[in-house]
Amino acid sequence: MQLPGVPGACADTSASGPCRGGCSHAAEVSKKTVCSCGMVHRSWYDTRDKTMRDLDAFGTAVYLLFRIRRVYCTRCQAVKTEQLPWLALSGRATKRFEEAVGKMAREMPLTEVARHHRIGWDQAWRMELEYMRELIKKHPPAFKIRVIGVDEISVRPGPTYRVVVADLDEHRPIWIGGTGRTKEDMDMFFAEIGAERSQNIELAVMDMWKAFRNSTSEHAPQARVVFDKFHVLKHLSDALDKIRRQEYKRVNEKERKYIKGQRYTLLSHKANLDTEGRRSLKLLLKANKRLNKAYLLKEAFGQLWDYLYSASARKFFANWKAQLRWQKLKPFEEFAAMIEKHWDGLVSYCHPDNKVSLGFMEGLNNKIRVIQRRAYGIRNDEYLRLKVLTSFIKDA
């Protein structure tokens, strides 16, 4: 059976595997032979029979049987197999079959993909790797990057970190690398994109990790730094949890019953609690005055990112900090001192040009954790890198 788009090949749909009989169907093929180095020849050295996997037909595995030419390349000074545009680089399947495996692996575990296509797990893994490489080639990052988001992820216990950089205008990760979260690791990103592209960066969203700020200031001094809202609020939640633990130790046994087991209730937004959670929160805040004050301050602090003018934001923070007086909330006082120290990176969000989505990096972190759970047991760094970089690319 002659196949469209596959010159010189016939198909065998035997369920048991490729046929070994002589298939006489052949289409007119090009007289030119292309070496793997790209050099074109008008003759060939010899031919070899080749069997290759193609897309299934009505649930039946399809194999292609054809003759592939070899050419003596004057540039390589060796006999090489010709390059065909419809063959995958692995040499064991067509590109369209490799693409089908790669697309399915974006939504399903590799074990299920391999079982569905009746191929080995290792073969499915290699095909997905090649599919992801081709996907990045088809959808490269933008040359002019205006806003970047920077964060680190833990790739294995130790802890072992990798730096993740995203284009917040395009809403996609564009780089993952390094061997930790030091300034040298962040420098690797700027070295890869080059000095010209680094000068186009206008805004950098990150947490308050000093190494990231120092690297950005060195390679993109024109970029304004904005501290990620979710990392700042995490520090505030940690401070509230410290107060909860202090109060649990301070109060008597009767009052402890209101605090015990209420960590999630206290740290969650009130809108996210169910009826039982809201009832428990009401009892807790009514029973402990200090926790009630800390909770109200924590909920109010989120208004800081709503201001459009830096002077208004400064006045709000001054009033917020003034409410800590005589409250004996030492973790909150330490948090306020940290905010004071990093104020420039927080208040810069008030500028109209700096109103970017601060939630994307948190969403990206959650997606990376899902990828890590699905790829449990795979220790290949390139696989994780490609998975992360292609996770937000929509392939039709």
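Everything discussed here concerns the structure shown above.
Structural notes, computed from the coordinates. None of these values were measured; they are calculated from a predicted model.

Attention now goes to the sheet that holds strand 10 (residues 203-206). Within a sheet, neighbouring strands are paired by backbone hydrogen bonds and run either parallel or antiparallel to one another. Spatial strand order, 9-8-7-10-11: five strands in an open sheet with mixed pairing. This sheet does not close on itself; its edge strands, each paired only once, are strand 9 (172-177) and strand 11 (224-227). For this sheet, the mean inter-axis angle between neighbouring strands, taken without regard to orientation, is 30 degrees. Strand contacts of helix 4 (residues 183-198): strand 7 (147-156), strand 8 (160-167) and strand 9, with the helix running at about 120 degrees to strand 9, the strand carrying the most contacts.

Next up on the list: the environment of Asn 319. Topologically, Asn 319 is positioned in helix 11 (residues 310-322). The sequence separation of Asn 319 and Asp 122 amounts to 197 residues, and the corresponding C-alpha distance is 61 Å.

Here the focus is the nonpolar core. With 96 residues, the main nonpolar core has Phe 189, Val 232, Phe 301, Trp 305, Trp 320 and Phe 332 as its most contacted residues. Here this core takes eight residues from helix 3 (residues 121-138), the largest share from any one element. Setting aside anything within four residues of it in sequence, one finds Trp 320 in contact with Leu 236, Leu 297, Ala 300, Phe 301, Phe 332, Phe 335 and Ala 336. Judged by nonpolar contacts, the second largest core, of seven residues, contains Val 62, Phe 66, Ile 68 and Leu 87.

What follows covers the packing of helix 3 against helix 15 (residues 381-390). For the pair helix 3 and helix 15, the least separation of the axes is 10 Å and the interaxial angle reads 45 degrees. Looking at the two axes, helix 3 sits oblique to helix 15. Between helix 3 and helix 15 lies a crossing whose hand is left-handed. Counted together, Trp 125, Glu 128, Leu 129, Met 132, Arg 133, Leu 135 and Ile 136 of helix 3 and Glu 382, Tyr 383, Leu 386, Lys 387, Leu 389 and Thr 390 of helix 15 form the full contact between these two elements. By residue class, the composition of the contact of helix 3 with helix 15 is eight nonpolar, one polar and four charged.

What counts, and where the lines are drawn
- Once a new chain begins, its residue numbering starts again from 1 and follows that chain's sequence as written.
- The predicted origin of the model limits local features to residues at a pLDDT of at least 70 and limits the giving and counting of side-chain atom pairs to 80 or more, whereas totals for whole chains, interfaces and linings rest on all residues.
- Computation of side-chain values covers all heavy atoms of the structure but excludes hydrogens and water.
- In short, DSSP must find at least two bridges between two strands for them to pair.
- Helix and strand assignments come from DSSP, with helices taken as H or I runs of at least 4 residues and strands as E runs of at least 2, each series counted from the N terminus.
- An axis is simply a line fitted to the C-alpha atoms; with a helix, the fit covers only the stretch in contact. Between two such axes, the angle follows the N-to-C directions and lies from 0 to 180 degrees.
- Contacts were defined at the residue level, with two residues in contact if any of their heavy atoms lie within 4.5 Å.
- Here the nonpolar core consists of buried residues drawn from Ala, Val, Leu, Ile, Met, Phe, Trp, Tyr and Cys, with membership extended through side-chain atoms lying within 4.5 Å.
- Only protein chains enter the accessibility calculation, which uses a 1.4 Å probe; a residue whose area is less than 20% of its type maximum is buried, one above 50% is exposed, and one in between is partly exposed.
- An angle counts as roughly parallel when it lies under 35 degrees, as roughly antiparallel when it exceeds 145, as roughly perpendicular when it falls between 65 and 115, and as oblique in every other case.
- The handedness criterion is simple: a crossing whose near helix is rotated anticlockwise from the far helix by less than a right angle is left-handed, and one whose near helix is rotated clockwise is right-handed.
- Here the nonpolar group is Ala, Val, Leu, Ile, Met, Phe, Trp, Tyr, Cys and Pro; Asp, Glu, Lys and Arg are the charged ones; every other residue, Gly included, is treated as polar.

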